[in-house]
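# Summary of the model geometry
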Amino acid sequence: MADESLFEFLHMEMVSHVFTEQQSSKGEMDNKDRAVCISVLEAMGFRVGQGLIERLTKDSPSFKDELDIMKFVCKDFWTKVFRRQVDNLRTNHQGTYVLQDNKFSLLTQLSNGKQYLDQAAKYLAFSCGVVRGALSNLGLESVVTAEVAVMPSCKFQVVIQKL
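Residues numbered from 1 in each chain as written. Predicted model: local features only at pLDDT ≥ 70, side-chain atom pairs only at ≥ 80, totals over all residues. Heavy atoms only, no water.

The name given to the chain in an unreviewed UniProt entry is Trafficking protein particle complex subunit 6B, with the source organism recorded as Kryptolebias marmoratus. Under the UniProt heading Function (unreviewed entry), the note attached to the chain is "Component of a transport protein particle (TRAPP) complex that may function in specific stages of inter-organelle traffic. Specifically involved in the early development of neural circuitry, likely by controlling the frequency and amplitude of intracellular calcium transients implicated in the regulation of neuron differentiation and survival." Listed under Sequence similarities (unreviewed entry) in UniProt, the entry text for the chain is "Belongs to the TRAPP small subunits family. BET3 subfamily." (UniProt positions renumbered as here; feature names shortened; annotations may be inferred.)

In structure tokens:
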């Protein structure tokens, strides 16, 4: 319990710090500045995801296919990082996956309604990077985006890049 609270507070402070630093150097923030902040948070998450997946898969057998990797991410990886499994995994079997978490831990501290929907993107950037970094280390280059209709429910869309 205490360690998940610490992670949530660390995450909030990371987001706050990145945005505060950008704002203090520029004064007023525009959309370009916000995009830079989102990119910084996503890059941090990417590196964390790479490291975490290395540790989690060091003793596991190799995966058969892309779907096997996504199932591992939704069950084992998500549980280690966010303390619960993904509620729903959907795919079109053409490289697009939707991971739905109805009680996403990093959004539960914000609100349970639509009050802070405009702020959700900055709190999801790190998580998108974590997932993208994990998939990258497993050999899947991807684009990960997140959307929120009602907090704390969240949908992550993973599009695997075919090389």
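Our focus in this paragraph is unusual backbone geometry. Residue Pro152 follows Met151 across a cis peptide bond; omega there is 0°. Position of Pro152 among the secondary structure elements: in the loop between strand E3 (142-147) and strand E4 (154-160). For Arg83, which is not glycine, the phi dihedral falls at a positive 70°. With respect to the helices, strands and loops of the structure, Arg83 is situated in the loop between helix H3 (66-82) and strand E1 (88-91). A relative accessible area of 44% means that Arg83 is categorised as partly exposed. Of note in the backbone geometry, His93 takes a positive phi value of approximately 60° without being a glycine. Along the chain, His93 falls in the loop between E1 and strand E2 (96-101). (Helix = DSSP H or I, 4+ residues; strand = E, 2+ residues; numbered from the N terminus. Buried < 20%, exposed > 50% of the residue type's maximum accessible area, 1.4 Å probe, protein only.)

Under the 1.5 Å per step criterion, the end-to-end length of helix H2 (residues 31-57) is 38 Å for 27 residues, consistent within 8% with the ideal 39 Å. Among the residues making up H2, those that are buried are Asp33, Cys37, Leu41, Glu42, Gly45, Phe46, Gly49, Gln50, Ile53 and Thr57. The N-cap residue of H2 is Asp30: its side-chain oxygen and the backbone nitrogen of Lys32 are 3.3 Å apart. (Expected span 1.5 Å × (residues − 1). Polar contact = N/O pair within 3.5 Å; in protein donor to acceptor, adjacent residues only side chain to side chain.)

Look at H3 against helix H4 (residues 120-137): their axes get within 11 Å of each other, and the N-to-C directions meet at 130°. By the angle class used here, H3 and H4 are oblique. Read as a crossing pair, H3 and H4 show a hand that is right-handed. Judged by residue contacts, Ile69, Met70, Val73, Phe77, Trp78 and Phe82 of H3 engage Ser127, Val130, Val131, Ala134 and Leu135 from H4. In terms of residue class, the contact of H3 with H4 is made up of ten nonpolar, one polar and no charged. (Axes fitted to C-alpha atoms, helices over the stretch in contact; angles between N-to-C directions. Parallel < 35°, antiparallel > 145°, perpendicular 65-115°, else oblique. Left-handed = near helix turned anticlockwise from the far one by under 90°. Contact = heavy atoms within 4.5 Å. Nonpolar A, V, L, I, M, F, W, Y, C, P; charged D, E, K, R; others polar.)

Moving on to the environment of Met44. Residue position: Met44 is located in helix H2. Judged by its relative accessible area of 34%, Met44 is partly exposed. With 82 residues separating them along the chain, Met44 and Phe126 place their C-alpha atoms 6.6 Å apart.

What follows deals with H3. The principal kink in H3, of about 35°, is found at Val73. Among all positions in H3, only Glu66, Ile69, Met70, Phe72, Val73, Cys74, Phe77, Trp78, Val81 and Phe82 are buried. Within two residues after H3, Arg83 carries a phi angle of roughly 70°, on the positive side. (Bend = angle between axes of the 7 residues up to and from the residue.)

Evaluation of the coordinates by the stated rule reveals four salt bridges. A salt bridge links Lys162 to Glu66, with the nearest nitrogen and oxygen atoms 3.0 Å apart. Pair noted here: Lys162 is in the segment after E4 and Glu66 is in helix H3, with a separation of 96 residues, a long-range link. Under the relative-accessibility criterion, Lys162 is labelled exposed at 58%. Notably, a salt bridge pairs Asp87 with Arg84, separated by 3.1 Å at the nearest N-O pair. A relative accessible area of 36% places Asp87 in the partly exposed class. (Salt bridge = Lys/Arg side-chain N within 4 Å of Asp/Glu carboxyl O.)

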